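Reading the structure
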Amino acid sequence: MSSEEKKTDVTIESQLKDILDMVRREPTYLNYWNAYRRIQRIDLSKLSISEEKRIKIALLSSFTIEPLAMYLDIESRLIGLYPEIYIGPFNQYPQEILDDHSRLYKFDPDIIIIAVHAEALLEENFLPKFTLLSKEEKKQHQDEIINHLRGLLSKLVLKTKALILLNNFMVPWFSPLGILDNKVEMGLKSFFQELNQMLADLYRADRQIYVVDLDSLASKHGKIRSLNYEMYYRGAFFFSESFLPVVAEEYMSYVKALKNLIRKCIVLDLDNVLWGGILGEDGFNGIKLGGDPIGKAYMDFQRLLLSYYNRGIILAINSKNNFDEAIKVIREHPNMILREKNFASMRINWQDKVENMLELSSELNIGLDSMVFIDDSPQERERMKQALPEVLVVDLPPSPFRYCEALQNINDFNTLVLSEEDKRRGEMYYARRKRKQLMKSKSTLEEFLKSLDMTVEIKRADESTIPRITSLINRTNQFNLTTRRYTQAEVEEMNRQSDKFQIYSLRVKDKFGDEGIVGVAIIRKDGKNWIIDSFLMSCRVIGRRIETAFLAKIIDDAKKNGVSYLIGEYIPTKKNKPARSFYKDHGFEKIQENENLAKWRLNLETSKINVPEWVKIRNE
Amino acid sequence: MNSSTEKRLMEILTKVLLLDESEVNDELSRDEVEEWDSLAHLMLINEVESTFQVTLSDEDIMSIRTIRDLKRALKKLGVNI
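Residues numbered from 1 in each chain as written. Chains lettered and ligands numbered in written order. Predicted model: local features only at pLDDT ≥ 70, side-chain atom pairs only at ≥ 80, totals over all residues. Heavy atoms only, no water.

Counting secondary structure elements, chain B contains 4 helices and 0 strands. Relative to a compact globule of 81 residues, whose C-alpha radius of gyration would be 12 Å, chain B shows 11 Å and is just as compact. Seen through its principal axes, chain B has C-alpha atoms that stretch 30 × 25 × 20 Å. Counting only residues that meet the buried cut, chain B has 53% of its 81 residues in that class. (Helix = DSSP H or I, 4+ residues; strand = E, 2+ residues; numbered from the N terminus. Rg over C-alpha atoms; globule rule 2.2 N^0.38 Å. Buried < 20%, exposed > 50% of the residue type's maximum accessible area, 1.4 Å probe, protein only.)

Dropping the structure here:
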């Protein structure tokens, strides 16, 4: 980049920052509008932006969708993304989808939002006629709506790899039948509830289409407040200005999940977070946990945390306390919901909490930008925010009655897939802690690795493993040679083309438990060459030489297929240094290198890879 | 004239229409301000309505062409401007 270009970048970036700071200070509708329109006037095409920071969102709608577009644009920028937004022509979403040459397809979006309201799909006199309709006629209306949407979406998935977000319908709070609505065979509310159920069932197993639960969002916000009638009649606006941020936040959950801007670990203080009172002053029997109203609130907060743990969020402790006193509560207090095994790591000491946080991050191998910090002390929170701005610090309300709500409102824990491995992640971290204890008791690394009784299972990808494979592809940063991200639909497509691609998963078990699938490799076949398009291992198993066993299996398969050369690619990122010397260490020769990509080659006729003796390999 | 009302109207005008305070005057019309498109117009109406707790009539909304028109419509609804 020339110095001239750099200067342009800096000027534009500072302009952007000023505008976004205004929204940060005062997130009003007026300021979102102002920011959105001002940014549109800036020529951002000159900025050099990395692929992982870009996001293209298309909005197709039956109503005026610009206000949502403006929220998504600004919200994306507030988390460091550079969005491009395409707004389809008003109420022409079917044409946009059906026309192969529409601007939608030229735009090539990463996410397509289809926002259709029920009124657009039903005849104008649906409401007055409703009570006169027979059950069959009502069912027919439902089928028409579902078929209309299904037809459009099936076309869409043929034409694009984008993530597709379809909203469900707001179940009306009013029915002309009043209290009898659920006494007739299909009341007005049931009509929409059933429609929503049909949509959910239709796309339950789909990995490209997600149904956004607009009805539940409107309930949370209050259905009456979700619509601004003035703006609805004047300009076909469907979301009121108070409801818009709620809707935008939900769509942002998908954006964050797609761009992997998610949190994986909740780090907790103890006093006045997991229980009421100060353990050092109130003692084991004096802290509030269960019993009185405050104590019940703390138990409920622990229950909520446990529900996160059971969906794969890691929990850890960062608290100023005497370790022996605190661990006694965790192990023995009858009303503790969370126990020692639920915490991947514990820092209970008198050290600075920022220090503890850094240690937790490196011990757990979880980036600071994936961590959430919960502490009741405003001073500790401020200190954390200042020292480690990447950490998400929850603004915990003063009253423990509101703790659950504060945590529930954080939309940073979402992923697009959730495998069995993901759900059991907490358990695995605990096993890892046990493994570390074993390591300390062994004098050499080799002795330790031998004592683990490791078994590695390497398999070709199939339907059951693809969700986990996709999740690893999108989450692994450190031991990841190319950091290429693929959606589940893309992985499935590659796996179908078995003449061009070969996808492997690697699973590890040892005497402490089953780690599940922790490694993925994607091979691109090119005649006599096999190219390693992706090769990645979860940081959980780095340092056990399992990657060597994985590579050996690929070499073995390549030889069986008459391949002469294995080509390895390495794309450097800020995070993948641990993988840098992988090809060199395994005897590859460098054949090409520039700052963005290095290519390595292994001659399969002359090379041989030794699998470490402590790894037992089971092939399918 | 109430200066805090004036100030709030000024903020709405400058922020919705992307104007500097110095550019805002009563004669300024929709034809001269590039940003004053139909969406911005509705945004403007919505913001003044919620800020000053009034509802403009459809005729007024359609006939507002200048900032003077907007002020006149607000005055009619009892906004002290």
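Along strand β8 (residues 343–349) of chain A, 6 of the 7 residues are buried, which leaves the element largely enclosed by surrounding structure. For the segment spanning strand β7 (residues 314–320) of chain A, helix α15 (residues 323–332) of chain A and β8 of chain A, crossover handedness is right-handed. (Right-handed = clockwise from strand over helix to strand, strands pointing away.)

All right, on to the interface of chain B and chain A then. Contacts between the two partners involve 20 residues from chain B and, on the opposite side, 18 residues from chain A. In this assembly, chain B packs against chain A so that about 1,700 Å² is buried in total across both faces, 59% of it on carbon and sulfur atoms. Ranking the residues of chain B by area buried against chain A places Lys-15, Leu-18 and Leu-39 of chain B at the top, with a combined share of 35%. Inspection of the chain B/chain A interface yields 5 salt bridges. Arg-234 of chain A serves as the salt-bridge partner of Asp-58 of chain B, at 3.9 Å between the closest nitrogen and oxygen. (Contact = heavy atoms within 4.5 Å. Buried area = accessible area lost by both parts, 1.4 Å probe. Salt bridge = Lys/Arg side-chain N within 4 Å of Asp/Glu carboxyl O.)

Glancing now at the side chain of Asp-269 of chain A. Residues and elements named next belong to chain A. Checked against the element boundaries, Asp-269 lands in the loop between β6 (265–268) and α13 (279–282). Owing to a relative accessible area of 5%, Asp-269 belongs among the buried residues under this scheme. Apart from residues lying up to four places away in sequence, Asp-269 is in contact with Leu-274, Asn-318, Ser-319, Lys-353, Ile-374, Asp-375 and Asp-376.

As a further point, take the layout of surface pockets. All names here are of chain A. Its boundaries defined by the atoms lining it, the second largest pocket holds a volume of some 800 Å³. Among the elements of the structure, α6 (118–121), α7 (126–130), α9 (188–203) and α11 (229–235) are those that each provide at least two residues to the lining of the second largest pocket. Per-element accounting of the lining of the second largest pocket gives the leading share, 3 residues, to α11. Looking at the lining of the second largest pocket residue by residue, the class counts come to 20 nonpolar, 3 polar and 4 charged. (1 Å grid on protein atoms, 1.4 Å probe; cavity = no way out; pocket = protein on both sides within 12 Å on 5 of 7 lines; lining within 4 Å. Points joined across faces, edges and corners; volume = space filled by probe spheres on them. Nonpolar A, V, L, I, M, F, W, Y, C, P; charged D, E, K, R; others polar.)

A full pass over the atoms with the stated rule returns 60 salt bridges over all chains. The shortest N-O distance in the salt bridge between Glu-363 of chain A and Arg-347 of chain A comes to 2.9 Å. Here Glu-363 of chain A, found in helix α16 (residues 353–364), pairs with Arg-347 of chain A, found in strand β8; they are 16 residues apart in sequence, far enough to count as distant. Taken together, the shared-partner salt bridges connect Arg-37 and Arg-41 of chain A together with Glu-35 and Asp-37 of chain B into one network.

What follows is about the environment of Phe-126 of chain A. All names here are of chain A. Looking at the secondary structure, you find Phe-126 in helix α7. Distance in space between the C-alpha atoms of Phe-126 and Lys-138 is 10.0 Å, their sequence separation being 12 residues. In this structure, Phe-126 is in contact with Leu-133, His-141, Leu-188, Phe-191 and Phe-192, ignoring residues within four places of it in sequence.

Now for the packing of helix α3 (residues 66–78) of chain A against helix α12 (residues 244–258) of chain A. Residues and elements named next belong to chain A. Put simply, α3 and α12 touch, their axes get as near as 9 Å, and they point 55° apart. As summarised for this structure, α3 and α12 are arranged oblique, according to the angle between their axes. Regarding α3 and α12, the two cross each other, and that crossing is right-handed. Packed against α3, whose contacting residues are Pro-67, Leu-68, Tyr-71, Leu-72, Glu-75 and Ser-76, the element α12 presents Leu-244, Pro-245, Val-247, Ala-248, Tyr-251 and Met-252 at the interface. Taken together, the residues of the contact of α3 with α12 break down into 10 nonpolar, 1 polar and 1 charged. (Axes fitted to C-alpha atoms, helices over the stretch in contact; angles between N-to-C directions. Parallel < 35°, antiparallel > 145°, perpendicular 65-115°, else oblique. Left-handed = near helix turned anticlockwise from the far one by under 90°.)

Right, let's get into unusual backbone geometry. Excluding glycine, residues mostly have negative phi values, and the peptide bonds linking residues are mostly trans. All names here are of chain A. For Asn-272, which is not glycine, the phi torsion reads 60° and is therefore positive. Despite not being glycine, Asn-365 shows a phi value in the positive range, around 60°. Secondary-structure assignment places Asn-365 in the loop between α16 and β9 (371–374).

Once that is clear, we can look at the sheet that holds strand β3 (residues 111–115) of chain A. Residues and elements named next belong to chain A. On the basis of which strands lie adjacent, the open sheet formed by 5 strands has the order β2-β1-β3-β4-β5 and parallel pairing. Because the sheet does not close on itself, it has two edges, and the strands there are β2 (82–87) and β5 (209–212). For this sheet the average axis-to-axis angle between neighbouring strands, irrespective of direction, equals 20°. As judged from the 4 bridges shared by β3 and strand β4 (residues 163–167), these two strands associate in the parallel manner. For Ile-111, the partnering residue across the bridge sits in β4 and is Leu-163. (Pairing = 2+ DSSP bridges.)

All names here are of chain A. Taken as a whole and judged by the stated rule, the model has 24 aromatic pairs over all chains. Centroid distance Tyr-583 to Phe-588: 4.6 Å. Interplanar angle 50°. Geometry classified as tilted. Here a set of aromatic residues connected by ring pairs shows up, and it is made of Phe-479, Tyr-504, Phe-535, Phe-550, Phe-582, Tyr-583 and Phe-588. Directly above the aromatic system of Tyr-105 lies the positively charged group of Lys-159, at a separation of 4.8 Å from the ring centroid. (Phe/Tyr/Trp six-rings, centres within 6.5 Å; stacked < 30°, edge-to-face > 60°. Lys NZ or Arg CZ within 6 Å of the ring centre and 35° of its normal.)

Another aspect to go through is the sheet that holds β6 of chain A. Residue and element names in this part refer to chain A. Here we have 5 strands laid out as an open sheet, ordered β8-β7-β6-β9-β10, and parallel in their pairing. Each edge of the open sheet carries a strand with a single partner, namely β8 and β10 (392–393). Here β6 pairs with β7 via 4 bridges, running parallel. Note that in β7 the partner of Cys-265 across the bridge is Ile-314. In this fold helix α20 (residues 425–441) packs onto β7 and β8, with an angle of close to 60° to the strand it touches most, β8.

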